[in-house]
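Geometric and topological summary
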Amino acid sequence: MILSSWNINSVRIREELILRFINKVKPNILFLQEIKCEESQFPYLFFENLNYDCFVIGQKARNGVAIAVKKDIKINICENINKKINTDLQARFIMIHLVDHNIDLCNVYVPNGNPVTDDKKFEYKVEWLKNLKCLLESYIYGEKKLILGGDFNVLENFKDVKNFNEWKNDALGHKKIINIFREIIGLGMFNVIRKFFLPGEKFSFWDYQKAAWDRNDGLLIDHFLVTPNLIDKINTFDICSNFRGLPKPSDHVPIWMKIDQISE
């Protein structure tokens, strides 16, 4: 099974790139963040023609998350948890359950939190991450299988950007945010990229400004986190960096991983 994740930065204008990615990687499941549309405007037919069912929590013109799943995969929607996490009407979280594998999949778009001088925005990010941590605790302590993926908007390691000192006063590099993210990992979650690459070897985001892509001035802020009972099943992880150099790109690129056959 191949799982992928991509902050697409407006799904309706990136269909050509999504098709190119699907043809290249052939994911069984695709997490999308920042789809920037309501459910009624999501391009269901585009994915239907590619043999995917889509599960969407949208929001007008901003935020929004979706999961595209191959039609032969049986899933349930975790409606109660989705409502609990998205209580403020910001569409940033969606969870589904893989019935045949007994695995829960969470797609997250963590708040940016900037500027840090705006107490409302920054503290909203802090509380959002704390709520996510509380949810994950029950999975770790119950030895359940969980995959958490998406755009985390955090620089967990100082090498996840070229000059970390420039980000210490940004909500992505703020020590309070990093500490909460590390507390989440400290519950027992594994950050999949660290199994395959050293910090600084891969980025997942290049800003549209200041020729960031041309200078390879990137950040690693997109991740897959998994419970301990799954990490040994993951045999491949990669980031499709070249998608940032294609016409009309998102500022993020797709990440993906391959998982060995999982018994229930």
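In the block above lies the structure referred to throughout.
Here is a short report on the structure shown in this document. Treat the numbers as computed from the prediction; the structure is a model and nothing was measured. (Residues numbered from 1 in each chain as written. Predicted model: local features only at pLDDT ≥ 70, side-chain atom pairs only at ≥ 80, totals over all residues. Heavy atoms only, no water.)

Thoughts on the packing of aromatic side chains
- Counted by the stated rule, this structure contains eleven aromatic pairs.
- Centre to centre, the rings of Phe42 and Phe47 are 5.5 Å apart; their planes meet at 15 degrees, and the pair counts as stacked. In this pair, the class of Phe42 matches that of Phe47, namely buried.
- Lys70 extends its terminal NZ or CZ atom over the ring of Tyr52, reaching a point 4.4 Å from the ring centre.
- The residue whose ring lies beneath Arg92 is Tyr109, and the NZ or CZ to ring-centre distance is 4.8 Å. (Phe/Tyr/Trp six-rings, centres within 6.5 Å; stacked < 30°, edge-to-face > 60°. Buried < 20%, exposed > 50% of the residue type's maximum accessible area, 1.4 Å probe, protein only. Lys NZ or Arg CZ within 6 Å of the ring centre and 35° of its normal.)

Brief notes about the sheet that holds strand S6 (residues 93–98)
- If you trace the six strands from one edge of the open sheet to the other, you get S5-S6-S7-S8-S10-S9, paired in mixed fashion. Looking at strand neighbours, the two that pair on one side only are strand S5 (75–77) and strand S9 (190–191), the edges of this open sheet.
- Note: S5 against S6, three bridges, orientation antiparallel. Counterpart to Ile77 in the pairing with S6 is Ile96. (Pairing = 2+ DSSP bridges. Helix = DSSP H or I, 4+ residues; strand = E, 2+ residues; numbered from the N terminus.)

Some words on the pattern of salt bridges
- Scanning the entire structure with this criterion turns up ten salt bridges.
- For Lys71, the salt bridge goes to Asp53, with nearest N and O atoms at 2.6 Å. Placement of Lys71 in the loop between strand S4 (65–70) and S5 and of Asp53 in strand S3 (residues 52–57) is noted, with a sequence separation of 18 residues between them.
- Connected through salt bridges with shared partners, the residues Glu156, Asp160, Arg182 and Arg194 form a single ionic network. (Salt bridge = Lys/Arg side-chain N within 4 Å of Asp/Glu carboxyl O.)

Re the packing of helix H4 (residues 119–141) against helix H5 (residues 175–186)
- In contact at an axis separation of 10 Å, H4 and H5 are set at 10 degrees when each is read in the N-to-C sense. When the interaxial angle is binned, H4 and H5 end up roughly parallel. Residues Phe122, Glu123, Lys125, Val126, Leu129, Lys130, Leu132, Lys133 and Leu136 of H4 form the contact with H5, whose participating residues are Lys176, Ile177, Ile180, Glu183 and Ile184.
- Of the residues contributing to the contact of H4 with H5, the split by class is eight nonpolar, no polar and six charged. (Axes fitted to C-alpha atoms, helices over the stretch in contact; angles between N-to-C directions. Parallel < 35°, antiparallel > 145°, perpendicular 65-115°, else oblique. Contact = heavy atoms within 4.5 Å. Nonpolar A, V, L, I, M, F, W, Y, C, P; charged D, E, K, R; others polar.)

Section: the pairing of S6
- The element S6 is extensively covered by neighbouring structure, given that six of its six residues are classed as buried.
- Burial of S6 is two-sided: the residues Phe93, Met95 and His97 facing one way and the residues Ile94, Ile96 and Leu98 facing the other way are all buried.
- Of the pairings in the sheet, the one linking S6 to strand S7 (residues 103–109) comprises six bridges and is antiparallel in character. Paired with Met95 across the two strands is Cys106, which belongs to S7.
- Between S6 and S7, which follow one another and run antiparallel, lie four residues, and Asn102 among them has a positive phi close to 55 degrees.

Thoughts on the sheet that holds strand S11 (residues 234–239)
- With mixed pairing, the six strands of this open sheet are ordered in space as S3-S4-S2-S1-S12-S11. The sheet is open, and its two edges are formed by S3 and S11, each paired on a single side. Shown here is a sheet whose adjacent strand axes are inclined to one another by a mean of 15 degrees, direction ignored.
- Pairing between strand S1 (residues 2–7) and strand S2 (residues 29–33): five bridges, direction parallel.

Details of the nonpolar core
- In terms of nonpolar packing, the biggest core is built from 60 residues, with Leu32, Phe42, Phe47, Ile147 and Met257 touching the most fellow members.
- Contacts of Phe42, omitting those with residues within four sequence positions, involve Val11, Leu32, Ile35, Cys37, Phe47, Cys54, Val56 and Ala66.
- Listed in part, the 36 residues of the second largest apolar core include Met95, Leu172, Met189 and Phe205. (Core = buried A, V, L, I, M, F, W, Y, C linked by side-chain atoms within 4.5 Å.)

Some thoughts on unusual backbone geometry
- For the bond from Asn114 to Pro115, the omega torsion is -5 degrees, close enough to zero to count as cis.
- Non-glycine residue Asn216 carries a positive phi angle of around 50 degrees.
- Within the fold, Asn216 resides in the loop between helix H6 (193–196) and strand S10 (222–226).
- Among the residues examined, Asn216 registers a relative accessible area of 35% and is labelled partly exposed.

Some details on H5
- Taking 1.5 Å of rise per residue, the twelve residues of H5 would be expected to cover 16 Å, and the 16 Å separating its terminal C-alpha atoms lies within 8% of that figure.
- Those residues of H5 lying buried are Ile177, Ile178, Ile180, Phe181 and Ile184. The arc enclosing the buried residues of H5, seen along the axis, measures out at 160 degrees, which places them on a common side. For H5, exposure combined with an orientation more than 90 degrees from the buried face picks out Lys175 and Gly186.
- For H5, the elements touching its buried residues are H4, S9 and S10.
- After H5 finishes, the residue Gly188 shows a positive phi value of roughly 130 degrees. (Expected span 1.5 Å × (residues − 1). Arc of directions from axis to C-beta.)

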